[in-house]
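Examination of the molecular architecture
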Amino acid sequence: MTSTAPPAGTAPDTTATTGGPSQVQLAIGGMTCASCAARIEKKLNRLDGVTATVNFATEKAKVSYGAGIEVADLIATVVKTGYTAEEPRPAVPEPRIPGDAGAPGTDRHGEAGPDPLRHRMLVSLALSLPVVVLAMVPSLQFDNWQWLSLTLAAPVVVWGGAPFHKAAWTGVRHGAATMDTLVSIGTLAALGWSLWALFFGDAGMPGMRHGFDLTVSRADGSSSIYLEAAAGVTTLILLGRFLEAKSKRRAGAALRALLELGAKDVAVLRYEGGEREALPVEGGAGRRAGHEVRIPVAELAVGDRFVVRPGEKIATDGTVVEGSSAVDVSMLTGESVPVDVVAGDTVAGATVNTAGRIVVEATRVGADTQLSRMAKLVEDAQNGKAEVQRLADRVSGIFVPIVLLIAVGTLLGWLLTTGETAAAFTAAVAVLIIACPCALGLATPTALMVGTGRGAQLGILIKGPEVLESTRRVDTVVLDKTGTVTAGQMRLRGAVTAPGVDEEELLRLAGALEHASEHPIARAIADGAAERIGDLPTPADFRSEPGLGVRGTVDGHAVLVGREKLLGAWAIELPEELAAAKAAAESEGRTAVAVAWDGKARGVLLVADAIKETSAEAVAQLRALGLTPVLLTGDNRLVAEAVAREVGIDDVIAEVLPQDKVDVVKRLQGEGRTVAMVGDGVNDAAALATADLGLAMGTGTDAAIESGDLTLVRGDLRVAADAIRLARRTLGTIKGNLFWAFGYNVAALPLAAAGLLNPMIAGAAMAFSSVFVVTNSLRLRAFTAST
């Protein structure tokens, strides 16, 4: 539900309890490159008690601060550094998504929205295209063509490049150099040189002709102009940043879609006198219906009851109190099959009611809903930094001053060795322009945005980039049994009958008697019998024998269902074949329930915690990823080994107390293993936190989910393998991006310094290196789950 979720990038993240650190997310404006983010991060971290992470791609600062520091102090620090920061705002109906074309706020140049950047790029493209064509095709150079080129190129460099010049000047005033410093110096130098050559040299003479070469060539500096380089570089960098911004919006599409899933209004039931409980109808039968009032979802309160008709979205998390239906939960879990719900079942906001009319009582609203919590987890992950990216940030923070020195060295070197001013100037400008490592700042954030967004679509929530590092090293996966490998619910797994007894009759009589009991084993038998034979008769004289079983009369038969001791109390013995079946079942960890009627033992029903249908396949997939599965459970060893055999696990650790699960994980780590833990219960929370990688089943408890590094929204163990595959794929993409960004600069700088790159070609290569990194990250959108 989006209407009450905190606006992304502006609302306070969390506030710890009294005495602890608080956290806030600030939307940062005016950043143009990774070194900008590094500068802001460095300034914030210099404040006492402040720990900050600034993300260039999402344009956010995630700040943890202690007592004595106010949010206003943080914002003031950012402003003093030369950028803008937004204060946390109250929740608004439509949250801001970084890079969203329709979002309020500023773009990376401090302008309102992306349209000014697009307009600036298109105008610059239209003006610079004739300049480049005239410079590249000597046959088109008419008399005084150079003055037309100046007329067209000057607005491009001055107005089109204004964002770069403004950012560079801001950096100078604050004693810092950024990527924009390189672009600004390079393009203004090219324009300034051209102006000198036109007005004070020979370049302005009528009839002047100018050749075009992709490499530096010896020429008379007074007759050389570089208007095509100045205008072309400016336009290409604008184009690159426009495409980059567009790609970033695509990268954040999954989170944006997630936040937009929720319903916008809801039909709330209002009862007489304001009572939420329906009043009894005259005569005592039925309920007096409340009247429906349609209100915005933002006004929905916990405890409100609302109507959901077929085809409508469920407004918020709640419990069904009336009706039954099938709910499409695919947008939250990736599960394509609708889930049947009846009164008493819980439902999640943003899921779709596909069948009957239901009435739901709201249990969570606003930021507490499953949808909002999912979005928050995704957003937190996108705002983090992997260790490899922190290295890249440190490099980019000192890269610009080094490049400026290289450019000066290139200029002096060419002048001293060749004496050719024009060649020296061209090589130095090429160094300035080719060096902008914007791709370094985008390598991790864009891959994280796409990877975590795709994971959210598949029901996989990655808590942070450090999780990616863990998935690469994991070699052992510890699987909790109940609720993870098994369904956590007892089910009827089979029936063994005495000679001459019909199995359907056995199920009908035992199921009818057990239907009157609330014991989990009794429910399993009753449900299993009903599934196989349909309606069950109603027993008479039902009695429960605590610790033994139940007895009663069904269709005139005196029926006993329970332990063998219950039958013994009525002088009934199990025949040899039933005793053998009971012993065999118990050796496999199943529960054997004896059934007798009319004084004779008639059969044995086999009950066990049902293994999920996909668990064996999931274990095979985990093995294929190079992981060794280990089954961990508090159940007895016979039960654990039976489950392990069925799903293909060799290592079993059974009869472990909940508080000892942490010790098991630590012991495995002590053996040199890197351990992943998959669990769903409160008793798994500590072990999930202790493991090198914690995978929490989203069908489990909040404590387990909060302790995990990866949350699997569905209860399907195969998603664990998908999550590890996705995390590894995302990490691989980040490393590929960083290799390209570093390799590009390492290879291109010597070429530029050697005079082998024309400044305009250098500008094009630099601009599109960022686009390449973002495009490479977008390949993660094609990741497919095995489920």
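Predicted model, so just to flag it, every value in this text is computed and none were measured. (Residues numbered from 1 in each chain as written. Predicted model: local features only at pLDDT ≥ 70, side-chain atom pairs only at ≥ 80, totals over all residues. Heavy atoms only, no water.)

**Overview of the overall build of the chain**
Stated precisely, the cut-off is as follows: We count a stretch as a helix when DSSP gives it H or I for four or more residues in a row; a strand needs E for two or more, and each element gets its number in order from the N terminus. Each residue is assigned to one of three classes by its accessible area relative to the maximum for its type, calculated with a 1.4 Å probe on protein chains only: buried under 20%, partly exposed between the two thresholds, exposed over 50%. In what follows, a contact means two residues having at least one pair of non-hydrogen atoms within 4.5 Å. Using a 1.4 Å probe, the Shrake-Rupley method yields the accessible areas, and only the shown protein chains count as cover for residues.
The helix and strand inventory of the chain stands at 26 helices and 29 strands. Burial status across the chain gives 55% buried among its 787 residues. For the chain, the proportion of contacts with a sequence separation of at least 24, taken over those separated by at least 6, is 71%. Working note: accessible area of the chain is about 31,800 Å², and carbon and sulfur atoms make up 57% of it.

**Description of the pattern of salt bridges**
Test applied: For this document, the term salt bridge refers to a Lys or Arg side-chain nitrogen within 4 Å of an Asp or Glu carboxyl oxygen.
The full count for this structure, using the stated rule, is 22 salt bridges. Its salt-bridge partner being Arg294, residue Asp265 comes within 3.0 Å of it at the nearest N-O pair. Note that Asp265 is positioned in strand S6 (residues 265–270) and Arg294 in strand S9 (residues 291–296), a separation of 29 residues in sequence. Judged by relative accessible area, which is 45%, Arg294 ranks as partly exposed. The salt bridge partner of Glu292 is Arg309, with a shortest N-O separation of 2.6 Å. Pair noted here: Glu292 is in strand S9 and Arg309 is in the loop between strand S10 (305–308) and strand S11 (317–322), with a separation of 17 residues, a long-range link.

**Quick word on the packing of aromatic side chains**
Put simply, the rule reads: Aromatic contacts are taken between Phe, Tyr and Trp rings whose centres are within 6.5 Å, Trp giving its six-membered ring; a plane angle under 30 degrees counts as stacked, one over 60 as edge-to-face, and the others as tilted.
A full pass over the atoms with the stated rule returns two aromatic pairs. With a centroid separation of 5.3 Å and 75° between ring planes, the pair formed by Trp147 and Phe199 is classed as edge-to-face. Residue Trp147 is found in helix H4 (residues 145–160), and its partner Phe199 is found in helix H6 (residues 179–200); the two are separated by 52 residues along the sequence. Since its relative accessible area comes to 27%, Trp147 is described here as partly exposed. A centroid spacing of 4.6 Å and a plane angle of 40° characterise the contact between Trp740 and Phe772, whose relative ring orientation is tilted. Residue Trp740 is located in helix H25 (residues 718–753), and its partner Phe772 is located in helix H26 (residues 759–778); the two are separated by 32 residues in the primary sequence.

**Some thoughts on H25**
Just so we agree on the cut-off: Helix span, as expected, comes to 1.5 Å for every residue beyond the first.
An ideal rise of 1.5 Å per residue puts 52 Å on 36 residues; H25 measures up with 53 Å between its terminal C-alpha atoms. Once H25 finishes, Gly755 follows within two positions and takes phi at roughly 80°, a positive value.

**Topic: the sheet that holds S6**
Convention followed: By definition, two strands form a pair when at least two bridges between them are found by DSSP.
Here six strands make up an open sheet; going across it, the order is S9-S6-S10-S16-S11-S14 and the pairing antiparallel. Each edge of the sheet is formed by a strand with only one pairing partner; in this case those strands are S9 and strand S14 (346–347). Sheet topology places S11 next to S14; two bridges connect them, and they run antiparallel. Bridge assignment links Thr319 to a residue of S14, and that residue is Thr346.

**Section: the UniProt feature "transmembrane region" (unreviewed entry) in the chain**
Where we set the bar: UniProt positions are given in the numbering used here, feature names are shortened, and annotations may be inferred rather than shown by experiment.
Residues annotated in UniProt with the feature "transmembrane region" (unreviewed entry) correspond here to residues 121–139, 145–162, 182–205, 225–243, 395–416, 422–444, 738–754 and 760–778. Within residues 121–139, the helical portion is 84% and the strand portion 0%, while the C-alpha atoms at the span's ends are 28 Å from each other. Secondary structure over residues 738–754 splits into 94% helix and 0% strand, and the C-alpha atoms at its two ends are 25 Å apart.

**Points about the nonpolar core**
Under the convention used in this document: In these notes, a set of buried Ala, Val, Leu, Ile, Met, Phe, Trp, Tyr and Cys residues joined through side-chain atoms within 4.5 Å is what counts as a nonpolar core.
Leu479, Leu695 and Leu710 are the most contacted members of the largest nonpolar core, which has 48 residues in total. Counting residues per element, this core draws most heavily on H25, at ten residues. Counting residues in each nonpolar core, the second largest holds 36 residues, with Ala512, Ile521, Ala529 and Ala594 among its members.

**Things to note about unusual backbone geometry**
What is expected of a backbone is that most residues other than glycine have negative phi and most peptide bonds are trans. Non-glycine residue Asp541 carries a positive phi angle of around 55°. Looking at where Asp541 falls in the secondary structure, it is placed in strand S20 (residues 540–545). Positive phi is not limited to glycine here, since Asp555 has a value of about 50°. Locating Asp555 in the fold gives a position in the loop between strand S21 (549–554) and strand S22 (557–562).

**Some points on the pairing of strand S2 (residues 22–29)**
The buried count for S2 comes to seven of eight residues, which makes it a mostly enclosed element. Both S2 and strand S5 (residues 84–86) contribute to a ladder of three bridges, which runs antiparallel. Each residue of the ladder has a partner; that of Gly29, found in S5, is Thr84.

**A short note on the sheet that holds strand S26 (residues 651–653)**
Worth spelling out the cut-off: For helices, the fitted line uses only the C-alpha atoms of the stretch in contact; every axis is such a line through C-alpha atoms, and the angle between N-to-C directions lies from 0 to 180 degrees.
Read across the sheet, seven strands follow the order S17-S29-S28-S27-S18-S25-S26 without closing on themselves; strand pairing throughout is mixed. Taken across any chain shown, the strands that pair with only one partner, and hence form the sheet edges, are strand S17 (460–462) and S26. In this sheet, neighbouring strand axes are inclined to one another by 20° on average, regardless of whether the strands run parallel or antiparallel. With three bridges joining them, strand S25 (residues 628–632) and S26 adopt parallel strand pairing. Within the sheet, the bridge partner assigned to Leu632 lies in S26 and is Ile653. Helix H21 (residues 637–647) contacts S25 and S26 of the sheet and is inclined by roughly 150° relative to S26.

**Some thoughts on the side chain of Arg305**
Put simply, the rule reads: N or O atoms within 3.5 Å of each other form a polar contact, as long as, within protein, one can give a hydrogen and the other can take it, and as long as residues adjacent in sequence are counted only when both atoms are side-chain atoms.
Secondary-structure assignment places Arg305 in strand S10. A polar contact of 3.0 Å, which involves the side chain of Arg305, links it to the side chain of Glu361.

**Focus on the confidence of the model for the chain**
The predicted coordinates should not be examined in detail at positions where pLDDT is low. Short version of the rule: You can read pLDDT as the predictor saying how much it trusts each residue, on a scale of 0 to 100.
Put simply, the chain has an average pLDDT of 77, and 76% of its residues get 70 or more. Ranking the elements of the chain by mean pLDDT puts strand S7 (residues 279–280) last with 39 and helix H20 (residues 615–624) first with 94. A low-confidence stretch, residues 1–19 stays under pLDDT 50, and its non-local contacts, those more than four residues away or across chains, total 70 contacts. Predicted confidence for residues 90–114 stays below pLDDT 50, and this span has 69 contacts to residues more than four positions away or in other chains.

**Observations regarding a nonpolar patch on the surface**
So the rule is basically this: Patch rule: a residue counts if its relative accessible area is over 30% and it has no salt bridge; like charges are joined within 9 Å, and nonpolar side chains (Val, Leu, Ile, Met, Phe, Trp, Tyr) within 5 Å.
On the surface, Leu129, Val133, Met136, Val137 and Leu140 cluster together into a nonpolar patch covering about 390 Å² of accessible area. Within the fold, Val133 resides in helix H3 (residues 115–136). Among the residues examined, Val133 registers a relative accessible area of 34% and is labelled partly exposed.

**Points about the packing of helix H16 (residues 503–514) against helix H17 (residues 520–533)**
The cut-off we apply is this: Roughly parallel means an angle under 35 degrees; roughly antiparallel, over 145; roughly perpendicular, 65 to 115; everything else is oblique. Here is the rule for handedness: rotate from the far helix to the near one, and if that takes an anticlockwise turn smaller than a right angle the crossing is left-handed, while a clockwise turn gives right-handed.
Taken N-terminus to C-terminus, the directions of H16 and H17 make an angle of 135°; their axes are 8 Å apart at the nearest point. One element, H16, and the other, H17, form an angle in the oblique class. Both H16 and H17 take part in a crossing whose hand is left-handed. Of the residues in H17, those touching H16 at Glu503, Glu504, Leu507, Arg508, Ala510, Gly511 and Glu514 are Ala522, Arg523, Ile525, Ala526, Ala529, Arg532 and Ile533.

**Points about helix H5 (residues 162–173)**
For H5, built from twelve residues, the straight-helix expectation of 16 Å at 1.5 Å per residue is met to within 8% by its first-to-last C-alpha distance of 16 Å. Three or more residues of H5 are buried, namely Pro163, Phe164, His165, Ala167, Ala168, Thr170 and Gly171. Two residues or fewer after H5 comes Gly175, characterised by a positive phi angle close to 70°.

**A closer look at the environment of Arg729**
Topologically, Arg729 is positioned in helix H25. Once the C-alpha coordinates of Arg729 and Leu468 are considered, the two residues, 261 residues apart in sequence, prove to be 9.0 Å apart.

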